[in-house]
Amino acid sequence: MVRPPPSNSGEPDAIEFGIAELDARLEDAGISFPIDADQLAEEYGYLTVDVDASGHRITLEDALSECDRQQFSSEQDLLNALHPVFEAKREQLSNSLFGRLRALFPF
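Residues numbered from 1 in each chain as written. Predicted model: local features only at pLDDT ≥ 70, side-chain atom pairs only at ≥ 80, totals over all residues. Heavy atoms only, no water.

J.: Please give an account of the overall build of the chain that cites residues and values.
T.: Along the chain, the regular secondary structure elements total five helices and four strands. Of the regular secondary structure in the chain, the N- to C-terminal order runs α-β-α-β-β-α-β-α-α. Pairs at least 24 apart in sequence give 58% of the contacts found in the chain among residues at least 6 apart. (Helix = DSSP H or I, 4+ residues; strand = E, 2+ residues; numbered from the N terminus. Contact = heavy atoms within 4.5 Å.)

J.: Kindly report on the environment of A37, identifying the contributing residues and their values.
T.: Looking at where A37 falls in the secondary structure, it is placed in helix α2 (residues 37-44). According to the relative accessible area criterion, A37 is buried, its value standing at 5%. On a C-alpha basis, the gap between A37 and F72 in space is 7.5 Å, while along the polypeptide they are 35 residues apart. Not counting residues within four places of it along the chain, the set of residues in contact with A37 comprises L64, R69, Q70 and F72. (Buried < 20%, exposed > 50% of the residue type's maximum accessible area, 1.4 Å probe, protein only.)

J.: Account for the pattern of salt bridges, with residues named and values stated.
T.: Under the counting rule described, the total for this entry stands at four salt bridges. One salt bridge connects R90 with E87, and the closest N-O pair in it is separated by 2.5 Å. Remark: E87 and R90 occur in helix α4 (residues 75-95); sequence separation between them is three residues, near one turn of the helix. Looking at E87, the relative accessible area reads 33%, which means it is partly exposed. (Salt bridge = Lys/Arg side-chain N within 4 Å of Asp/Glu carboxyl O.)

J.: Quick rundown of the nonpolar core? Include the residues and the values.
T.: Grouped together as the largest cluster of nonpolar side chains are 24 residues, with contacts concentrated most on L22, L40, L60, L64, F72, L82 and F86. Every element with two or more residues in this core is listed here: α1 (19-29), α2, α3 (60-65) and α4. Take this core: its biggest share by element is six residues, from α4. Among residues more than four places away in sequence, those in contact with L40 are I31, I35, G45, L60, L64, F72 and L78. (Core = buried A, V, L, I, M, F, W, Y, C linked by side-chain atoms within 4.5 Å.)

J.: Before we move on, can you summarise the side chain of D52 with the specific residues and values?
T.: Along the polypeptide, D52 turns up in the loop between β2 (48-50) and β3 (57-59). In this structure D52 comes out as buried when scored by relative accessible area, which is 10%. A polar contact is formed between the side chain of D52 and the backbone nitrogen of S54, at a distance of 3.2 Å. Polar contacts involving the side chain of D52 include one to the main-chain amide nitrogen of G55, which spans 3.2 Å. Those residues in contact with D52 that sit more than four places away from it in its chain are F17, R90 and L93. (Polar contact = N/O pair within 3.5 Å; in protein donor to acceptor, adjacent residues only side chain to side chain.)

J.: Run through unusual backbone geometry, naming residues and quoting values.
T.: Residues F33 and P34 are joined by a peptide bond in cis, for which omega reads 0 degrees. One can find P34 in the loop between α1 and β1 (35-36).

J.: Got a sec to walk through α1? Specific residues and values, please.
T.: Taken residue by residue, α1 has I19, E21, L22 and L26 as its buried positions. For α1, the angular spread of the buried residues around the axis is 150 degrees, confining them to a single face. In α1, those exposed residues whose orientation departs by more than 90 degrees from the buried face are E27 and D28. Looking one or two residues beyond α1, the residue adopting positive phi is G30, at roughly 70 degrees. (Arc of directions from axis to C-beta.)

Distances and angles like these do not, on their own, reveal function.
Listed below in structure tokens is the structure:
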């Protein structure tokens, strides 16, 4: 038996969310580093990023407000600083009653 060839539907093979999605969005935005949190929030705070595969979203401005850093020397520095924010938000959503029910009944 031969498998059919993969379709070229243009849809992504995997769903990006959290830091992976933020990384892609930042590259598209062309942000210059170093940059501080206030300037980043003012210019790019409207960017929204999925926190989890269920589609819960957060704006970059909100993520920065929960971050304990104010200055970022590079994109990787920013991603490292925001990683705990995304993890905490994802954990908070999965620990909610709705999150637990959704995990039990994924349909």
